[in-house]
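# Fold and contact review
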Amino acid sequence: MSEMITADLVDLDLSADTKEAAARALAERMVAQGRVTDLDGFLADVAAREAQMPTGLDGGIGIPHCRSAHVTEPTLAFGRSAAGIDFGAADGPADLIFLIAAPAGADDAHLTILSSLARQLMNTEFTDALRAVGDAGSAAALIRGDAVPGGASEGAGEGAGEGAGGAEGTAGAVGAGGAVGAVGAVGAAGVAAGGVHGASDGASEGVRGAVGGARGAQSGTTNSAAVSGAASVDAAAGNTAPAPGADVENATAPAPGAPAERPFRIVAVTSCPTGIAHTYMAAESLENAGRDAGVEVVVETQGSAGFTRLDPAVIAAADGVIFAHDVPVREKNRFAGKPTVDVGVKAGINRPAELIAEVRGKAARGEVSAGAPAGAGTPVDRAGEPGEGYGTKLRKWLMSGVSYMVPFVAAGGLLIALGFAIGGWEINKAPSVMDHFDWTQVDSWGALLFQIGGVAFGFLVPVLAGYIAYGMADRPGLVPGFVGGAISLTINAGFLGGLAAGLIAGGVVMAIQRLKIPTALRGIMPVVVIPLVSSAIVGFLMFVVIGKPIAKAQEAMTDWLDGLSGTNAVLLGILLGLMMCFDLGGPVNKVAYAFATAGIAVADPSDSAMQVMAAVMAAGMVPPHAMALATVVRGKLFTQTERENGKAAWFLGASFISEGAIPFAAADPLRVIPASMAGGAVTGALSMAFGATLRAPHGGIFVVPLIGNPLLYLVAIAAGVGVTTALVIVLKGMRKPAASAAPNGPGTGTKAASTDSKKQPVAA
């Protein structure tokens, strides 16, 4: 971390009294050093990350962090607060604050360096040294690793555990015939207790710098056969796992000269929304707790820099599994059929010993996860929860197709809209640019953009159908799904035909996969038989059986939209506005959005369809803008965190990201959601009444020049924002403000934690 933190990025007398003020003070140092280009933009990204999950950790540590386009290079800033600052940790305020800034496109090496800091924070000697350091330069050197806390670099890894051939340092370095405690040794191997113990690179990271060495000294008395994180190779010693029900904690030590019984093995996965800090801190915490308990813990960190899959042999040999995560575990089915503990990432940091004890208890009782065998399940199944109903799966199948289709709609729609803006409304009649293109004519460029957008639009229905089938049946569903979607275009069945084709294709493939196939044919099933048979069945059904009725239904829906005017159009705008603001990016919101995009997902959408799209986008922009305005007009009605979230909500609302209002709705749903729905209904109705049109399915205010009747469109949005803002202020003003809890002093959190060992974090 030689270039990531300097003395200029250290404040040993941080005077801020809130986490927002602390982040601003440290971020200003980054701006002064040219590491951050836009202070407010960066702080908005920090606040958005903080809204996902508090970044306070037990032990007086706060780690606000984010990935941001406003960061020029990976940077750390450190502040030390005498009074302590509340970052949401269970044991009270934080006095050590690390602001971690990573560029949006940070490379793996830099993110790995950032994650190594997160691991160091789990070491008390490191944090104690930071509390005692007297000048900024020394603090920066300590964080970079140029200085070592307490002189731990000299033989700190030497352990007291004796093997048959000599002493073994449990910090991760094992010597054949003598003690080896080299600081930072990774993957060392040796002979101990008559068995071969290899610390493989894929299973253990060994000692991490001086801090790892210090940990080796602390845990050196642990039995040498229980090296946490080492993938032990016990074949030579003939060791076996303890039988289910055995008392692994009170097992009798082996007789001198006898092969050591192999320790209990745990594989773990850690992940968090940003994948920079909590991911690696949980990993380090679990490894340390495993070392203390005499348990082998091997962790797969699924962070921002990607992840390296654990060796299948390591997973197969594991006796239990721990998931400490706040985002879905990738390829979770690899760990099926084993005793499993599934918790949030903060639980992995704060109570690793409890998790290890819990998974050992499950193993002793024979409790295993009910997941499918490795490799089983469709993409929707792997992303969902066991026991989901058919209705939930159907919605996820449809949303799978819509989510893959939307980028084509966005790219194609914006290109077509730009073509009209540059070349005029007659550009759709221009000849092919293959036959006529003049580099100096604006019309030629408009025609080029329009025709590229038209080609992108040609993929909409096939992509929709293909990825609905993919969600149902995995990759074998792609071919019949795309074929069915293309047929839907051929017979003018449109969006509805694509929905039907995708569901039919997925169902056909799922039915074929259930058949008992001779062993000789299994090799050609995925590449020949399934694509051939399923495409033929889907094609027959679309061309001969259901294609015409669906085409008639599509035509009827188009005619209905074309006939909307006056009161009917306004009522539709009200309904769509209510739906867009009901759950702020949830299923109801997505249904309204899918309905709007379906109307414009054709080469030449009607004015009514474009009016529907305009109304949907306008209504979706209302809640975040209204919350942002309310925090400015009546800031006293909102917490400091909500006021910071309000700053980010301005940009999110302008970008048509309804989720910008979620922190407010989550904190006060009974006031925020009804107010948002009222404003959304007003905006939807006015947009339809004004006849505003929109060809692009996304873009917010950045596509206003491409909107029909743009000034009235902005008036509609402003009216809805005003209604929601007024209602939120009135509703919040009617309640009696809750008394603020007195802040804990620097020492009270520790005392509380000691009296209640089971106290949980504020957010897991």
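Everything discussed here concerns the structure shown above.
Anyway, here's the lowdown on the structure attached to this text. (Residues numbered from 1 in each chain as written. Predicted model: local features only at pLDDT ≥ 70, side-chain atom pairs only at ≥ 80, totals over all residues. Heavy atoms only, no water.)

Strand order in the open sheet formed by 4 strands is 12-11-13-14, with parallel pairing between adjacent strands. Every interior strand has two partners, whereas the edge strands, strand 12 (296–301) and strand 14 (340–343), have only one. Looking at each pair of strands side by side, their axes are set apart by 15° on average, direction ignored. With 6 bridges joining them, strand 11 (residues 265–271) and strand 13 (residues 320–325) adopt parallel strand pairing. By the bridge assignment for strand 13, V269 is matched with F323. (Pairing = 2+ DSSP bridges. Helix = DSSP H or I, 4+ residues; strand = E, 2+ residues; numbered from the N terminus. Axes fitted to C-alpha atoms, helices over the stretch in contact; angles between N-to-C directions.)

The final tally for this structure, using the stated rule, is 12 aromatic pairs. Ring centres 5.7 Å apart and planes at 80° place the aromatic pair F437 and W439 in the edge-to-face group. The interplanar angle of 80° and the centroid separation of 5.1 Å between the aromatic rings of F437 and W445 together place this pair among those described as edge-to-face. A residue is classified by how much of its surface remains accessible, and F437, at 25% relative accessible area, is partly exposed. Of the aromatic side chains, those joined through ring pairs into one cluster are Y404, Y467, Y470 and F482. (Phe/Tyr/Trp six-rings, centres within 6.5 Å; stacked < 30°, edge-to-face > 60°. Buried < 20%, exposed > 50% of the residue type's maximum accessible area, 1.4 Å probe, protein only.)

It is at 8 Å that the axes of helix 14 (residues 460–473) and helix 16 (residues 494–513) come closest, and there the two elements cross at 30°. Taken together, the axes of helix 14 and helix 16 are roughly parallel relative to one another. As for how helix 14 packs across helix 16, the hand of that crossing is right-handed. Taken together, the residues of the contact of helix 14 with helix 16 sort by class into 14 nonpolar, 6 polar and no charged. (Parallel < 35°, antiparallel > 145°, perpendicular 65-115°, else oblique. Left-handed = near helix turned anticlockwise from the far one by under 90°. Nonpolar A, V, L, I, M, F, W, Y, C, P; charged D, E, K, R; others polar.)

The next point concerns unusual backbone geometry. Even without being a glycine, D474 presents a positive backbone phi close to 65°. Mapped onto the secondary structure, D474 falls in the loop between helix 14 and helix 15 (478–490). Its identity as a non-glycine residue notwithstanding, N709 has a phi of 60°, on the positive side.

Everything listed here is a matter of geometry and, on its own, says nothing about what the molecule does.
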